[in-house]
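Residue strings, one per chain:
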Amino acid sequence: MTRHDKAQNPMTAVMCHLYFDAVGGQGSDRVACVSNDLGNIFETQGRLDDAPRMYKQALRAYRRVHGNEHHHVAMTLSNVGNILCRKGQLEVALGKYEEAHEILVQLHGEDHEDVANVLANMASLLKHQGKGAEALVMHERALDAERRTVGPDCDGYVQALLSLGHSYREQGMLEDALARFEEGLGTVHRVHPGKLSLQGRFLNSIGSVYSEQGRLEDALVMFQDAHQIYQEALGSESADVGRVKCNMATALKEQGKAEDAILLFEEGVAVQRRALVDEDVHLVQSLFNMGMCKLLLGDLEGTVECLKEAQSICRGRVIWHGVAASVDAALDMC
């Protein structure tokens, strides 16, 4: 938290208390809405201690006004789960998601967009726990719910296709992953042609599948197309640009072009470092791949430096088990 944020916190608290007094105390629905909105703002700002406090305040107020089984209660529970997941409290977060899911199903049945959203959150958490097969099943349920409720042309369904495709790829089901990514890309071209960054994500994902299939030239074409779109839509300093540069570098490394690859790795990692407020699993993977490229070039010291940076991020945050294990194993061998 910055000095400016710390200075603002007392004023925020004073304003909240004045507002609570004005609208009828901390048990009113309007107070619950304000608390929830403040939680959203704090979460966006990365204030992971302030956000849950506001969400829990909203939750108490919603329960006083509406009882325990209400839509607002469920969605606030899901918000609390999101924060707990970011803080690494995965089992507690899963409990919040499950409680939210149970309420939403009781209220709306399985066919509801918010049910699908909570299922997607649960799938993401299961990935963090290294439970890829369980996460895949949850993503399939989320996609089915999106298909039944909003249809295949809506944003939610397209995003669910992207998430499910990644789950298939991580489980080695490359043809299934490719089918989901191609379906999603076709829908974006047909229905959402202006959403360039989403097109880029599907192109990048298709390139990743091609790369794992050994279709390296095809992968490079996809990565280059994604890179061009990201540059146009997001600018040269976006994290997505950094990631796709590193994907291009990985394909070049696999083609035996390590010297060309290392230049792209260094550019891509530098962009990700500058762009990411919170280091994430993509930066860890990029550092790992760059370290392996340096090893091919005989730069053992550079390899260890990359792996140690990746390891420090893994220890500081909740990172997928497979990536963290790969980093630790590579360091042990160096």
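Our subject is the structure that appears above.
Report on the accompanying structure. (Residues numbered from 1 in each chain as written. Predicted model: local features only at pLDDT ≥ 70, side-chain atom pairs only at ≥ 80, totals over all residues. Heavy atoms only, no water.)

It is the contact of helix 12 (residues 239-254) with helix 13 (residues 258-275), at a shortest axis distance of 8 Å, that shows an interaxial angle of 160°. In terms of axis orientation, helix 12 runs roughly antiparallel to helix 13. For the pair helix 12 and helix 13, the sense of crossing is left-handed. Within the contact between the two elements, helix 12 uses A239, G242, R243, K245, C246, M248, A249, T250, L252 and K253 and helix 13 uses D260, A261, L264, F265, E267, G268, V269, V271, Q272 and A275. (Axes fitted to C-alpha atoms, helices over the stretch in contact; angles between N-to-C directions. Helix = DSSP H or I, 4+ residues; strand = E, 2+ residues; numbered from the N terminus. Parallel < 35°, antiparallel > 145°, perpendicular 65-115°, else oblique. Left-handed = near helix turned anticlockwise from the far one by under 90°. Contact = heavy atoms within 4.5 Å.)

Turning our eyes to something else, we now look at the pattern of salt bridges. Evaluated as defined, the whole model comprises 19 salt bridges. Here E266 and K294 are joined by a salt bridge, their closest N and O atoms 3.6 Å apart. Here E266 is found in helix 13, whereas its partner K294 is found in helix 14 (residues 281-296), with 28 residues between them in sequence. Owing to a relative accessible area of 12%, K294 belongs among the buried residues under this scheme. When the shortest N-O distance is used, the salt bridge between D299 and K294 registers 4.0 Å. For D299, a relative accessible area of 31% translates into the label partly exposed. By sharing partners, the salt bridges in this structure join R47, D50 and R53 into a single network. (Salt bridge = Lys/Arg side-chain N within 4 Å of Asp/Glu carboxyl O. Buried < 20%, exposed > 50% of the residue type's maximum accessible area, 1.4 Å probe, protein only.)

An ideal rise of 1.5 Å per residue puts 26 Å on 18 residues; helix 13 measures up with 25 Å between its terminal C-alpha atoms. Every buried residue belonging to helix 13 is among A258, A261, I262, L264, F265, G268, V269, V271 and Q272, and all of these are buried. (Expected span 1.5 Å × (residues − 1).)

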